[in-house]
Amino acid sequence: MALNMARRRTVVAHGRLAMRELRLKAARERQHGLQVMTFEQLAARLAGGLSRAIDDESLRGALQTALPEAALGELDSIKELPGMVDAAADTLRKAWRSGIDLQACAGEHPRLQSIASLEKAVLERLPHSMLRPADLVAAATQRLEYALVLFGPIDIVGITELSPCWRPLLLALAEFTTIRWIAGPRSVPSWLDGSAVAIVRSDRQTPHVCTSSASTAYHEAIEALRWARSLLATGEANPADIAIAAVTPADYDDHFLALRADANLDLHFVHGVKVTATREGQAVAALADILLRGLSQTRMRRLAALCGTGPFEALPSRWTRVLPADAPLTSPEAWSQLLDRLTAADWSDGQDHGGTLRAIIALLAKGIASAEEIGAVLLSGRALTIWRKALLAGPAISLEMTLNSLKQDDGLEACVSVAWMPASALAASPRRYVRLLGLNSSRWPRGLSEDRLLSGHIIPTAELDPLPVGLADRRDFETILATTERQVVLSRSRRDGEGRLLGRSPLLQGQPEEIYLQRNAIPEHAFSEADRLMARPDEYRTLPQAVAAVSCWRDWHRPGLTSHDGVVRADHPVLRAILERTQSASSLRKLLRSPLGFVWHYGLHWRAPENSADPLVLDALSMGSLVHLTLDKALQALETEGGLGAADAGRIAAAVDEAVAEVARTWERERPVPPRLIWRRTLDDVRILSTRALTNGEERLPDQRSYGEVPFGGTEPKSVSALPWDASMAVEIPGTGFRVAGYIDRLDISGDGRRALVRDYKTGRAPKGEITLDGGKELQRCLYAFAVKALLGDDVSISASLFYPREQIDLRLEDPGATLLALSGYLRAARASLLAGNAMIGADTGGDFDDLAFALPANAGATYVKRKFVAATERLGEAAQVWEAR
């Protein structure tokens, strides 16, 4: 025991990194009996009785419970605002570190009374073993005779200053054991003068110092990684010798987090990474998103993908497939209606999991007020820990802001990695090669600021915060220059993220002349493969990806047609397969007016990306669908009550009103809708258009029967209403090889079955003149008239028209037979052209309504299409003649 006591020694350090490196050094040198701790830990150890300092998490937890309950006087009006926990914790820490007795000075100002009341409430909620710094010092001072036994000689390493609350204890300890303040080249605080603490100094290091400026903070981060990679690649330094630092690392964290993965470099974040950068943090963020913004299918899918614990474990792996793709599901009622319709057969494992999913929805519907309960049920492990920390750090309503500020360890070993850290950590734990970022005016050093709760007129700032951040920043800068052995690079950015010019830090005065780093300059050492290839264009040109990209780019800019413009080998199996499928009026229009789009859509199954956000207004396609659904419902109702032919205007209006209400309920349940006011106006518009469509003064057939959304060619009926034919019968256009299918908006058949009216509704604007095929845009009248004749018989007289309810214009097809004959010729030419390998642009390619324009070169309608159109027209030959058809 005596031998162990004789060998016991204590080192006091600042920060986790310094402590870890000192412990590693002690282990490597086999320094048995060495203790490494902070001064707070030393005071708590000497105080005894299981005493410990108040940690941040416990303080925040006590504040979270104390603030709503404590009477805080003039702070009562703001005590439940987001950020109050942070502000209160910061104020109490400053008061405790500076040694201010809040209870003694409570009568000096109402604000001090409020803070004193808050401190009392917080202390009552903390364990009795948790003590303020002043209380720890008082208890430790009573046990100074045990200092030599507990600590042996004490060395204070890497610290340039000590908070006023700890200074009396340090000076008293020096009377009972040997204390050395190992300053090295650092500055020594004046309050140590004349004390029994031995000051150990050493000469300043003389590193090579250079100064550089980068275009932006992101460019600074790139240059920092290039610099670190060059040191490692040349063997000049080991990872543990390299540090990158800034006074506010948060300004660069996102940049380094993204670049670290690209560089495949172990870059340790000494101060931790954002919890939202991890899977567990994203699961917590997904849950917070639902509780703060409400249910939706998109948010639920995200939560299910990230959170596989709790009730979600009971659901099959692909349970989200039961959700309708377009349904927003933004309320518990919508989810309940969906679950009511599902059966066991709808689930991938054949079992009904509706009860489990219903319980999850009911739990989430409790909202943000039950955040703690919901998190405990749905989260586990690290995710649950993050959730509880976030709730301790602030009110549940501010979860989004709180989660964005929480940090966690990145899992890398600091002592064997390149380190990215705050400047204060680097000042306490020097490295041989250092790069300092963010040396801009007002950023390093930072400006002075008053406390958020105790402003300078209540307690002077110099008294409340005797170690302000501005002075600390200057002290850390000088310390880093004095303790770095080999190289220091001082870096600043010339502009901020929005392009504003930034000034130089005053700390750069007297430093070497600045090197101007260009953003697009070729680096001497690349930090990643992409960076290397950008620096070596000759090497990049040889890569298959680059060869293909350059070839494509050049082909796009030639007037002739190439394989990058849709020229494929003749009789390609994909082309034959998509031509053999049953077509619709829409697919045939795409074939005639954009062969390239036809292949992309039906051969490669490309689709335009969908926006998951609720629309501000319905697009033209959705508006048309809404009107068609309403017309179908209204027509069914009228046919069950005597028929449309016998209905007067009142009955039609009533049927439309009921149809609009029913369709709106279904639409709101299954699809995104605009804001309420705009949605109501949209439904009014639908009501007007539908009423006009059904009350238009067209010819009424004797004893007519009316049908809506009539399927043909093998399409499935949308309702159980009676049909005028067998919908499964195939319909083939003679001489073309094309089978067609679809839905006829409205079909009226006379009582004797000898006459039929085919009506197609258009909710857009009517054309200015008469049209027949309109360049291949208008195929419905011709195709639907042919389908009706093929299914009802040649002896039936057919009349087909387009009706535009906005202008109440009815465009009849004058000669359906002749039009079909002309269309058949165009379709045969298009089929033969595509089989010959001509899958190229057409009249609609790159236009305003081309949903696949994103796959074309940028601004294709004004550049690429104009450049290639003549050659494409010539190559398509007869297939392009339809574009001139009236």
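Residues numbered from 1 in each chain as written. Predicted model: local features only at pLDDT ≥ 70, side-chain atom pairs only at ≥ 80, totals over all residues. Heavy atoms only, no water.

Scanning the protein chain from N- to C-terminus turns up 33 helices and 23 strands. Its C-alpha atoms give the protein chain a radius of gyration of 38 Å, more than 25% over the compact-globule value 29 Å for 886 residues. Summarising its shape, the C-alpha atoms of the protein chain cover approximately 120 × 65 × 50 Å along the three principal directions. The buried share of the protein chain, reckoned over its 886 residues, is 49%. Pairs at least 24 residues apart make up 74% of the contacts formed inside the protein chain by residues separated by at least 6 positions. For the protein chain, the accessible surface area stands at approximately 41,800 Å², while carbon and sulfur atoms represent 52% of it. Here the protein chain contributes 104 positive and 109 negative side-chain charges, whose respective centroids are spaced 4 Å apart. (Helix = DSSP H or I, 4+ residues; strand = E, 2+ residues; numbered from the N terminus. Rg over C-alpha atoms; globule rule 2.2 N^0.38 Å. Buried < 20%, exposed > 50% of the residue type's maximum accessible area, 1.4 Å probe, protein only. Contact = heavy atoms within 4.5 Å. Areas by Shrake-Rupley, 256 points an atom, 1.4 Å probe, with all protein chains shown as cover. Lys, Arg positive; Asp, Glu negative; His and termini not counted. Charge placed at Lys NZ, Arg CZ, Asp CG, Glu CD.)

Attention shifts here to the packing of helix α14 (residues 332-341) against helix α15 (residues 354-364). Direction vectors running N to C along α14 and α15 enclose 180°, while the axes themselves pass 10 Å from each other. It follows that α14 is roughly antiparallel to α15 by the angle criterion. Here α14 contributes P332, W335, S336, L339 and D340 to the contact with α15, which in turn contributes G354, L357, R358 and I361. By residue class, the composition of the contact of α14 with α15 is five nonpolar, two polar and two charged. (Axes fitted to C-alpha atoms, helices over the stretch in contact; angles between N-to-C directions. Parallel < 35°, antiparallel > 145°, perpendicular 65-115°, else oblique. Nonpolar A, V, L, I, M, F, W, Y, C, P; charged D, E, K, R; others polar.)

Right, let's get into the nonpolar core. Formed by 65 residues in total, the largest nonpolar core has its most connected members in L588, F712 and L834. Among residues more than four places away in sequence, those in contact with L834 are L575, I578, L579, L591, F598, V599 and A839. If you look at the next biggest cluster of nonpolar residues, it comprises 46 residues, including A283, V322, W347 and L403. (Core = buried A, V, L, I, M, F, W, Y, C linked by side-chain atoms within 4.5 Å.)

Once that is clear, we can look at the packing of helix α4 (residues 56-69) against helix α6 (residues 110-125). Any two packed helices are characterised by how steeply their axes cross, that is the angle between the axes, and by the distance between the axes. One way to put it is that α4 packs onto α6 with a least axis distance of 9 Å and a crossing angle of 120°. Considering the angle they form, α4 stands oblique to α6. The interaxial crossing formed by α4 with α6 has right-handed handedness. In contact with L59, A62, L63, T65, A66, L67 and E69 of α4, α6 contributes L118, A121, V122 and R125. (Left-handed = near helix turned anticlockwise from the far one by under 90°.)

With that settled, consider the sheet that holds strand β2 (residues 34-37). Spatial strand order, β2-β1-β5-β6-β7: five strands in an open sheet with parallel pairing. Of all strands in the sheet, those bounded by a partner on one side alone are β2 and β7 (198-201). Shown here is a sheet whose adjacent strand axes are inclined to one another by a mean of 25°, direction ignored. The sheet contacts of helix α2 (residues 16-28) involve β1 (9-12) and β2, and relative to β2 the element is tilted by about 170°. The strands that helix α3 (residues 39-47) touches are β1, β2 and β5 (154-157); relative to β2, the one it contacts most, it runs at about 115°. (Pairing = 2+ DSSP bridges.)

Of all eight residues in strand β17 (residues 705-712), six are buried, a share of seventy percent or more. Pairing between β17 and strand β20 (residues 742-749): seven bridges, direction antiparallel. Of the residues in β20, the one forming a bridge with F712 is G742.

Moving on: the pattern of salt bridges. One pass over the structure, following the stated rule, counts 53 salt bridges. For K274, the salt bridge identified is with D254, shortest N-O distance 3.6 Å. Here D254 lies in helix α11 (residues 250-263) and K274 lies in strand β11 (residues 273-274), a separation of 20 residues in the sequence. With its nearest N and O atoms 2.8 Å apart, the salt bridge here joins E514 to R492. Residue E514 is found in strand β16 (residues 514-516), and its partner R492 is found in strand β15 (residues 487-493); the two are separated by 22 residues along the sequence. Taken together, the salt bridges that share partners define one network made up of D289, R293, R299, R302 and E400. (Salt bridge = Lys/Arg side-chain N within 4 Å of Asp/Glu carboxyl O.)

For the rest of this paragraph, the subject is helix α28 (residues 620-639). Its 20 residues place the ends of α28 28 Å apart at the C-alpha level, agreeing with the 28 Å of an ideal helix rising 1.5 Å per residue. Among all positions of α28, only M623, G624, L626, V627, H628, T630, L631, D632, A634, L635 and L638 are buried. (Expected span 1.5 Å × (residues − 1).)

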